[in-house]
Amino acid sequence: MTTSQRTLSIIKPDATRRNITGQINQRFESQGLRIVAQKKIRLSLAEAEKFYAIHKERPFFKDLCAFMCSGPIVVQVLEGDNAVLLNRQIMGATNPANADEGTIRKDFAESIEANSVHGSDSEESAHSEIQLFFSELEIVG
């Protein structure tokens, strides 16, 4: 059974620096996801720390937050059938060395940290992550 849902996608600083935002978005769109909200922003350290708070006790937390503040990012809402799962399949494994051929991370990531994209890991995460960046008025289906 398919269910239309929304998920948060972030195109990370390594990808915006290399100007591959359009190539990444083409992957989402060609596989059935619609971009229903999108904006380019620069995170403050406080915003990055809030977003990644779930990882606060992990050894990579400070480096991850610093990396996410190192340049502009593109935050967007993707919509489609089973969007959370589909987005995760399109992105590939967090570690690009373990990602399947043809996934965004396999094709574009520079490292585990600079892996070009973030995607919500569940419907619950998607809902709360979307609310951090977008109001309902900014999401146009």
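Please refer to the structure higher up on the page.
Residues numbered from 1 in each chain as written. Predicted model: local features only at pLDDT ≥ 70, side-chain atom pairs only at ≥ 80, totals over all residues. Heavy atoms only, no water.

### As for the overall build of the protein chain
Applied cut-off: The secondary structure listing takes helices from DSSP runs of H or I that are at least 4 residues long and strands from runs of E that are at least 2 residues long, numbered from the N terminus. Values of the radius of gyration come from C-alpha atoms, whereas the globule rule sets the reference at 2.2 Å times the count of residues to the power 0.38. Classification of residues uses two cut-offs on accessible area relative to the type maximum, computed with a 1.4 Å probe and protein chains only: under 20% is buried, over 50% is exposed, and between them is partly exposed. Using the Shrake-Rupley algorithm and a 1.4 Å probe, accessible areas are obtained, with residue cover drawn only from the displayed protein chains.
On a plain count of helices and strands, the protein chain comes out with seven helices and four strands. In sequence order, the secondary structure elements of the protein chain are arranged as β-α-α-β-α-α-β-α-α-β-α. For 141 residues, the compact-globule estimate of 2.2 N^0.38 gives 14 Å, and the protein chain sits close to it at 14 Å. Out of the 141 residues belonging to the protein chain, those deemed buried represent 48%. Of the roughly 7,500 Å² of accessible surface on the protein chain, 49% is carried by carbon and sulfur atoms.

### Considering helix α4 (residues 61–68)
Put simply, the rule reads: Taken from the helix axis, the directions to the C-beta atoms give the arc we talk about. By the convention used here, residues are in contact when the closest approach between their heavy atoms is within 4.5 Å.
Those residues of α4 not exposed but buried are F61, L64, C65, F67 and M68. Burial along α4 is one-sided: seen end-on, the buried residues are contained in an arc of 160°. Facing away from the buried side of α4, by more than 90 degrees, are the exposed residues K62 and D63. Buried-residue contacts for α4 involve β1 (4–11), α1 (13–17), α3 (45–51) and β3 (73–81).

### Side note on the nonpolar core
The test is simple: Here, the term nonpolar core denotes a set of buried Ala, Val, Leu, Ile, Met, Phe, Trp, Tyr and Cys residues that are joined through side-chain atoms within 4.5 Å.
Ranked by internal contacts, the top residues of the largest apolar core, which has 22 residues, are I10, M68, F133 and F134. Going through the elements one at a time, β1, β2 (34–41), α3, α4, β3 and α7 (123–133) are the ones with two or more residues in this core. For this core, the leading source of residues is α4, giving five residues. Residues within four places of F133 in sequence aside, it is in contact with L8, I10, K39, I41, L43, F51, V75 and E138.

### Regarding the sheet that holds β3
What counts is decided by this rule: In this description, strands pair whenever DSSP reports at least two bridges between them. Think of each axis as a best-fit line through the C-alpha atoms, taken over the contacting stretch in the case of a helix, with angles from 0 to 180 degrees between the N-to-C directions.
Reading across from one edge, β2-β3-β1-β4 is the order of the four strands in this open sheet, with antiparallel pairing throughout. Strands at the two margins of the open sheet, each flanked by one partner only, are β2 and β4 (117–119). In this sheet, neighbouring strand axes are inclined to one another by 20° on average, regardless of whether the strands run parallel or antiparallel. Bridge count for β1 against β3 is eight bridges, and the pairing is antiparallel. Looking at β3, one finds that Q5 is bridged to G80. Lying over the sheet, α7 contacts β1, β2, β3 and β4, oriented at roughly 60° with respect to β1.

### Observations regarding α7
Within the span of α7, buried status applies to S125, A126, E129, I130 and F133. Projected down its long axis, α7 shows its buried positions confined to an angular sector of 125°, all on one face. For α7, the exposed residues lying more than 90 degrees away from the buried face are E124, H127 and Q131. Lining the buried residues of α7 we find β1, β2, α3, β3, α5 (83–91) and β4.

### Thoughts on the pattern of salt bridges
Filter applied, for reference: For this analysis, a salt bridge means a side-chain nitrogen from Lys or Arg found within 4 Å of a carboxyl oxygen belonging to Asp or Glu.
One pass over the full model with this rule turns up eight salt bridges. The shortest N-O distance in the salt bridge between E136 and R6 comes to 3.6 Å. With a gap of 130 residues between them, E136 in the segment after α7 and R6 in strand β1 connect regions that are remote in the sequence. The partner of D107 in a salt bridge is R27, with the nearest N and O atoms 2.8 Å apart.

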